[in-house]
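Given next are the chains, with one letter for each unit.
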Amino acid sequence: MREQATKRGSEEQTNKAAAEALRPEAIRKDFPALGQTVHGRPLVYLDNAATTQRPLAVIEAIRGFYLRDNANVHRGSYDLSHRATEAYEAARARTARFLNAAEPAEIIFTRNATEAINLAAFSWSERFLGPGDAILLTEMEHHSNLVPWQMAARRAGARLLFVPVTGPEGLLDMDRVQALLRPPVKLFAFTHVSNALGTINPAAELCRLARQRGIVTLVDAAQSAGHMPLDVRELGCDFLALSGHKLCGPTGIGALYAKRELLEAMPPWQTGGEMIDQVTLDQSSWAPPPHKFEAGTPNIAGAVGLGAAVDYLERIGRERVFRHELELTAYALDRLKEVKGLRLFGPKTAPPHAGAISFCFETIHAHDVVTFVDRLGVALRGGHHCAQPLMRKLGVPATARASFYLYNTRQEADALVEALQETRRFFGA
Amino acid sequence: MREQATKRGSEEQTNKAAAEALRPEAIRKDFPALGQTVHGRPLVYLDNAATTQRPLAVIEAIRGFYLRDNANVHRGSYDLSHRATEAYEAARARTARFLNAAEPAEIIFTRNATEAINLAAFSWSERFLGPGDAILLTEMEHHSNLVPWQMAARRAGARLLFVPVTGPEGLLDMDRVQALLRPPVKLFAFTHVSNALGTINPAAELCRLARQRGIVTLVDAAQSAGHMPLDVRELGCDFLALSGHKLCGPTGIGALYAKRELLEAMPPWQTGGEMIDQVTLDQSSWAPPPHKFEAGTPNIAGAVGLGAAVDYLERIGRERVFRHELELTAYALDRLKEVKGLRLFGPKTAPPHAGAISFCFETIHAHDVVTFVDRLGVALRGGHHCAQPLMRKLGVPATARASFYLYNTRQEADALVEALQETRRFFGA
Amino acid sequence: MLDDLNDLYQQVILDHSRNPRHFGKLPEATHSAQGRNPLCGDELTLYLKINDGRVEAVSFEGSGCAISRASASLLTETLQGRPVEEVRGLFEEMHKLVTHGRSEKPLPEKLAVFAGVHKFPSRVKCAILPWHTALAALDNRKEPITTE
Amino acid sequence: MLDDLNDLYQQVILDHSRNPRHFGKLPEATHSAQGRNPLCGDELTLYLKINDGRVEAVSFEGSGCAISRASASLLTETLQGRPVEEVRGLFEEMHKLVTHGRSEKPLPEKLAVFAGVHKFPSRVKCAILPWHTALAALDNRKEPITTE
Ligand SMILES: Cc1ncc(COP(=O)(O)O)c(C=O)c1O
Ligand SMILES: Cc1ncc(COP(=O)(O)O)c(C=O)c1O
Ligand code: FES
Ligand code: FES
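Residues numbered from 1 in each chain as written. Chains lettered and ligands numbered in written order. Predicted model: local features only at pLDDT ≥ 70, side-chain atom pairs only at ≥ 80, totals over all residues. Heavy atoms only, no water.

## Considerations on the overall build of chain A
Argument step 1. A count of helical and extended segments in chain A gives 15 helices and 19 strands.
Argument step 2. Rg of the C-alpha trace for chain A: 22 Å, near the compact-globule value of 22 Å for 429 residues, within the 12% margin.
Argument step 3. Summarising its shape, the C-alpha atoms of chain A cover approximately 70 × 55 × 40 Å along the three principal directions.
Argument step 4. Expressed as a percentage of its 429 residues, the buried residues of chain A come to 72%.
Argument step 5. A sequence separation of at least 24 residues applies to 73% of the contacts in chain A between residues at least 6 apart.
Argument step 6. About 13100 Å² of surface is accessible on chain A, with carbon and sulfur atoms providing 52% of the total. (Helix = DSSP H or I, 4+ residues; strand = E, 2+ residues; numbered from the N terminus. Rg over C-alpha atoms; globule rule 2.2 N^0.38 Å. Buried < 20%, exposed > 50% of the residue type's maximum accessible area, 1.4 Å probe, protein only. Contact = heavy atoms within 4.5 Å. Areas by Shrake-Rupley, 256 points an atom, 1.4 Å probe, with all protein chains shown as cover.)

See below:
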């Protein structure tokens, strides 16, 4: 029995509130980890593109599950097991509603976005990719949306093509997209928001172009799902991958959205308990989706936490979160220009620049910057951001990155700028 | 730098205490979920083979991680990220010590035992299994230690052979083991303890026989790892799989132990962030183990919880846990004989019967039993226990199963017997 | 709580589960289908002889719990002699009954004994399986159907 | 906390990182190796000219952070003219210094500036990378080595 994803009640409620700007000072109270000091300074957490902090609502949902409803799911007919199953499947339904999927069965729980993409790359390719076919990616992909396709292409005898990233602003070359979206391309996988450049790609437009030409699409929403309104039916994608830990949820839980027809047609990937229909010593048949793709005991408490996270975000309103991030990014981009010798990557304006800002000093190594500002309380990430091919294209070994979320404030953007000024003075750049 | 798994200090401490029997009444205080009532009756939780309850130490470790140390691991050089990485890698070291692995790098974190077996079945087979080869399993395997090998065998053009389960007691046919452990068998995968029969297999002996013949072994320790002392070097296995949620740990975390040589030789399975060495658009190279096998952001909080769980078990002492379970099982086996019309599966004595007892009434369906006793507060599992081939061999569609853990008491075994008597009376069997 | 059990396992249900009516093959069947409850693996086969738009004979075979056996047995009694066109309506009311505790339109009295099922969500599939299978038989579906 | 930073980035380190000594290829090298810090991807190549059991000349190339550049630069100054047999011992003392803040046996004075590294665990690999690479060069290892 397919359960229809219920209408987005809570989202609607907040549409009224959406008129009001978000007040990060109030929101910070929900995130106890933000109140701490590091090295004697108040923590300024600007590594949200790597992982976000979790609100109390999520932490307590997990704890509450273990204290009350803890049991294994499915095939259990006692009370506790029933409650656990309900909680797990309710989390699926909430995630489906969050993405406006047609039904909960279109949501497969995975460990993270990486596993979601591995699942799609393995199972879809096993069925639909053959010798001579091609997969289209972009030059700005995270390793997690690149290496699994390298493996799939190798297994199938297919090849990879890439949409170039152009200009100093790091945008996709849309002319090349048009030229590349044709045979032998069978699938187009691209990131919605680049974690290394901050670029927001025109996902709906890219999906529309692909669909016109009968090409399947996978949207890597790791950096967008918790940051802006997202609707898989409006996007028109076939697959979408996300990570719970990047949208206020726990670690160890992510999701693959996929259209039901695809899930029906694809062979399973991981196999074992929970995902079978019938098993003999020699062969097995599969349960219908989503269970076909979830082998073994799932991360039940993780799913419950993810459900609480999407509830939390819907309560705040993703439209407001998005607006807040864009405003903060615009402000920070502006102020960062004051810092002498700093080179900024990605779009010059927000939008199309989302809340992850990559930069480097011409003469100070990114890791020295990160170490230095850490002692001032500012948490940044330095490195290749799992996008080595892009770094090579940008001609830098590494960048430092500041990334914002709903709880970050202008004062924190100011603290970042101050810390970078101090870094520059210290290293004499 | 390889970090040597440190000597088992805490285990030694408890060796003194091991002389004393475990007092489940005291231990129950650590598990808040056990204090609840269901349907107005005190909960008698006897579905530990499906999943155990979690002690407060584990629940609070997860919560504490999210409240304090929450950040992404690896490649981060700010304070929070460093603490998260330390916590994650410390959990790996504690798990390595728990199993007496030679080094932490021999522990790969997975979602559960199922994923651990999928990893081994995929990666090992990709490198070492070819046409005409065979994999040896047993007729008592959980689907999670059967279906992944069906898939691997199909991919490689290899076949599966099975050690028969003999007699009403459900033991492995050791003569057949001897006869089967020879070419073309390349790998022998078997369960340490059967979740459906309760049988404890002679794992060390089975590994010894296989090793003599140059055959690689995988021990499915899902049912044993939290229930008895376990030492991979004493066992002499090449692979071992376990699930955190079956040994006081959280859901969403498990582990594959594998010898370093194997991990070095095996290709990766899931790919993406964190597991690479260098990536170009066309190809990639891999980080050394364990990272080679952990793609994407791991279940950091889950690993921390698993670390707390193994600490908890070491503090109690697994020798004592094992003794307690055997005594309780012996007591229950004895008392269950009083119940008219009840058919018991598995060994007649404990040991070799571990704490999972399968049974059925001749004339009452297992699910009716489970539903009935649930309303009396007793949580049992009914069904095929993900062992359909074994059920077919036993000639029953399903059994009911009671499974004990360190916190279960004789009173609870009595409650089980009472509940079954009442079931029998009600259904007039 | 024991009240719930008495509601679920009413005497009528226990009786039908022990002594199912119309149990066995139906050689003259014009329609049949196999149904399976994926949660437990239990299977049943339903046989129907349809003549002139009416169920002239009906029987079932298979193994299952008390609920599914009783439901199958009472289904055979209910369908016997009925116009085929009424079956889907009965299925839908039965579905409401076992999921919510009451049907919208009145159901044949003997089916009312299944009202207690709704307090046992994990057993709903047991009660509805024979009805699913009956619909599949009328549609002449060849593949075994499941309640998912 | 800023004290920690001053300990880490001592003037000597900043100076060597800005103006590394013996930077560049060494055409007459008898030994060389490539090292990479997997945490950041930075690479350096170390060149050694060994004659009669002594380091006659040494140089390095590559990109890296202030710590790794300064460490490489100070390594070249330290090794210049030393018996080859002393290199492993120096590596081991250096390792203790950067992980625990002090060495067991005395180290050449200029290396003492790296004591502050131990308070920055994520930067230990930066400081030790050139030393790892030097050992690899002496062992004539062909594969690039990493600090893992
Ligand atoms: C664009 C993008 N895709 C995929 C991922 C992988 O996410 P995870 O590590 O949670 O699997 C990330 C995480 O950094 C990302 O930024
Ligand atoms: C013997 C055995 N192996 C494997 C598994 C699979 O464990 P998980 O579902 O945690 O992956 C189980 C769980 O029931 C089991 O009992
Ligand atoms: S338990 Fe199988 S049909 Fe009821
Ligand atoms: S950050 Fe790369 S060597 Fe120091």
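## A closer look at the overall build of chain C
Argument step 1. Within chain C, the regular secondary structure consists of 5 helices and 4 strands.
Argument step 2. Against the 2.2 N^0.38 benchmark of 15 Å for 148 residues, chain C shows a C-alpha radius of gyration of 14 Å, consistent with a compact globule.
Argument step 3. Each principal axis of the C-alpha distribution contributes one length, and for chain C these read about 45 × 30 × 30 Å.
Argument step 4. Within chain C, the fraction of its 148 residues that count as buried is 55%.
Argument step 5. In chain C, the proportion of contacts linking residues at least 24 apart, taken out of those at least 6 apart, comes to 59%.
Argument step 6. A total accessible area of about 6500 Å² is found for chain C, and carbon and sulfur atoms account for 47% of it.
Argument step 7. On chain C, the mean spot of the 18 positive side-chain charges and the mean spot of the 20 negative ones are 1 Å from each other. (Lys, Arg positive; Asp, Glu negative; His and termini not counted. Charge placed at Lys NZ, Arg CZ, Asp CG, Glu CD.)

## Re the sheet that holds strand β2 (residues 43-51) of chain C
Strand pairing in a sheet is mediated by backbone hydrogen bonds. Such pairs are either parallel or antiparallel.
Residue and element names in this part refer to chain C.
Argument step 1. Judged by pairing direction, the sheet is mixed, and its 4 strands sit side by side in the order β3-β2-β1-β4 without closing on themselves. The open sheet terminates on both sides in strands that have one partner only, identified here as β3 (54-62) and β4 (145-146).
Argument step 2. For β2 and β3, the ladder comprises 8 bridges, and the chain directions are antiparallel. Paired with Leu-44 across the strands is Gly-62, a residue of β3.
Argument step 3. Sheet contacts for helix α3 (residues 66-79): β2 and β3; angle to β3, the most-contacted strand, approximately 165°. (Pairing = 2+ DSSP bridges. Axes fitted to C-alpha atoms, helices over the stretch in contact; angles between N-to-C directions.)

## A closer look at the interface of chain A and chain B
Argument step 1. Chain A puts 95 residues into the contact, and the matching count from chain B is 96 residues.
Argument step 2. Taken together, the two surfaces of chain A and chain B that pack against each other cover about 7100 Å², and 52% of this comes from carbon and sulfur.
Argument step 3. Considering only the surface of chain A that becomes buried against chain B, A:Tyr66, A:Tyr78 and A:Leu281 emerge as the three largest contributors, covering 11% of it.
Argument step 4. Run the count over chain A and chain B and you get 4 salt bridges.
Argument step 5. For the interface between chain A and chain B, the tally reads 54 residue pairs in polar contact (both at pLDDT 80 or more).
Argument step 6. In terms of residues, the side of chain A that touches chain B owes the most to one element, helix α3 (residues 56-69) of chain A, which gives 8 residues. (Buried area = accessible area lost by both parts, 1.4 Å probe. Salt bridge = Lys/Arg side-chain N within 4 Å of Asp/Glu carboxyl O. Polar contact = N/O pair within 3.5 Å; in protein donor to acceptor, adjacent residues only side chain to side chain.)

## Things to note about the interface of chain D and chain B
Argument step 1. Every contact between the two is made by 10 residues of chain D and, on the other side, 9 residues of chain B.
Argument step 2. Summing the contributions of chain D and of chain B, the shared interface buries around 840 Å²; its carbon and sulfur component is 50%.
Argument step 3. For D:Arg36, the salt bridge is made with B:Asp277, and the minimal N-O distance between the two is 2.6 Å.
Argument step 4. Taken together, the connections running from chain D to chain B amount to 1 residue pair in polar contact (both at pLDDT 80 or more).
Argument step 5. Considering only residue class, the side of chain D that touches chain B consists of 3 nonpolar, 4 polar and 3 charged. (Nonpolar A, V, L, I, M, F, W, Y, C, P; charged D, E, K, R; others polar.)

## Regarding the site of ligand 2
Argument step 1. Every one of the 15 residues lining ligand 2 counts as a neighbour, but B:Thr114, B:Asp220, B:Ser243, B:His245 and B:Lys246 are closest to it.
Argument step 2. Surrounding ligand 2 is a set of residues that belongs to chains A and B.
Argument step 3. Contacts to ligand 2 include B:Asp220, whose side-chain N or O atom sits 2.5 Å from a nitrogen atom.
Argument step 4. For ligand 2, the accessible surface in isolation is 390 Å², of which the surrounding protein chains cover 95%.
Argument step 5. Each residue belonging to the shell around ligand 2 can be placed in one class, and the counts come to 2 nonpolar, 11 polar and 2 charged. (Near = heavy atom within 4 Å.)

## A short note on the environment of A:Phe359
Residues and elements named next belong to chain A.
Argument step 1. Tracing the backbone through its elements, the reader meets Phe-359 in strand β16 (residues 356-361).
Argument step 2. The class for Phe-359 is buried, based on a relative accessible area of 1%.
Argument step 3. Along the chain, Phe-359 and Leu-197 lie 162 residues apart, while their C-alpha atoms are 9.1 Å from each other.
Argument step 4. Once residues within four sequence positions are removed from consideration, Phe-359 is found in contact with Leu-342, Arg-343, Leu-344, Phe-345, Leu-380, Thr-399, Ala-400, Ala-402, Leu-416 and Leu-420.

## Let's talk about the site of ligand 1
Argument step 1. A:Thr114, A:Asp220, A:Ser243, A:His245 and A:Lys246 are the nearest of the 15 residues found near ligand 1.
Argument step 2. Ligand 1 sits at a junction of chains, with neighbouring residues supplied by chains A and B.
Argument step 3. Contacts to ligand 1 include A:His142, whose side-chain N or O atom sits 3.1 Å from an oxygen atom.
Argument step 4. Notes on ligand 1: free accessible area 390 Å², of which the protein chains cover 95%.
Argument step 5. Classifying every residue of the shell around ligand 1 by side-chain character gives 2 nonpolar, 11 polar and 2 charged.

## Considering the pairing of strand β10 (residues 216-220) of chain B
Residues and elements named next belong to chain B.
Argument step 1. Along β10, 5 of the 5 residues are buried, which leaves the element largely enclosed by surrounding structure.
Argument step 2. Taking every second residue as pointing to the same face, both faces of β10 are buried, with Val-216, Leu-218 and Asp-220 on one and Thr-217 and Val-219 on the other.
Argument step 3. Both strand β9 (residues 185-191) and β10 contribute to a ladder of 5 bridges, which runs parallel. Across the sheet, Phe-188 pairs through a bridge with Thr-217, a residue of β10.
Argument step 4. In this region the chain leaves β9, passes through helix α8 (residues 203-212) and returns to the parallel neighbour β10; the handedness of that crossover is right-handed.
Argument step 5. In this sheet, strand β11 (residues 239-243) lies alongside β10 in parallel orientation, the contact comprising 3 bridges. If you follow Asp-220 over to β11, its bridge partner there is Ala-241. (Right-handed = clockwise from strand over helix to strand, strands pointing away.)

## Notes on the relation of the copies chain A and chain B
Argument step 1. The operation relating chain A to chain B is a screw motion whose rotation component is 180°, with 0.0 Å of axial translation and a residual RMSD of 0.0 Å. Taken together, the turn and the small shift mark the pair as related by a two-fold rotation axis. Relative to the rotation axis, the closest C-alpha in chain A is found at A:Gly252, a distance of 3.1 Å.
Argument step 2. Residue by residue, 100% of the interface of chain A is reproduced at the interface of chain B, so both copies engage with the same surface. (Least-squares fit on C-alpha atoms with pLDDT ≥ 70 in both.)

## Thoughts on the sheet that holds strand β16 (residues 356-361) of chain B
All names here are of chain B.
Argument step 1. If you trace the 4 strands from one edge of the open sheet to the other, you get β15-β16-β19-β18, paired in antiparallel fashion. In this open sheet, the two strands that pair with only one neighbour each are β15 (342-344) and β18 (381-383). Between one strand and the next, the sheet's axes are offset by a mean angle of 30°, whatever the strand orientation.
Argument step 2. Of the strand pairs in this sheet, β18 and strand β19 (residues 399-403) are connected by 3 bridges, and their pairing is antiparallel. Within β19, the position partnered with Gly-383 by the bridge is Thr-399.

## Some details on the state of the cysteines
Argument step 1. Under the counting rule described, the total for this entry stands at 0 disulfides over all chains.
Argument step 2. Free of any disulfide, A:Cys207 has its nearest cysteine sulfur in A:Cys237, 5.3 Å distant. (Disulfide = S-S within 2.5 Å.)

## Focus: the packing of helix α11 (residues 300-316) of chain A against helix α12 (residues 318-336) of chain A
All names here are of chain A.
Argument step 1. Remark: α11 packs on α12, axes separated minimally by 6 Å, with the N-to-C direction vectors making an angle of 75°. Between α11 and α12, the interaxial angle falls into the category roughly perpendicular. Of α12, the residues touching α11 (which contributes Leu-313, Glu-314 and Ile-316) are Arg-318, Arg-320 and Val-321. (Parallel < 35°, antiparallel > 145°, perpendicular 65-115°, else oblique.)

## Some details on the confidence of the model for chain A
All names here are of chain A.
Argument step 1. In this model, chain A carries a mean pLDDT of 94, and residues with pLDDT of at least 70 account for 96%.
Argument step 2. For chain A, per-element mean pLDDT is lowest for helix α1 (residues 9-17), which scores 47, and highest for strand β11 (residues 239-243), which scores 99.
Argument step 3. Here residues 1-14 is a poorly scored stretch, pLDDT under 50, and it has 35 contacts once near neighbours within four places are set aside; other chains count. (pLDDT = per-residue confidence, 0-100.)

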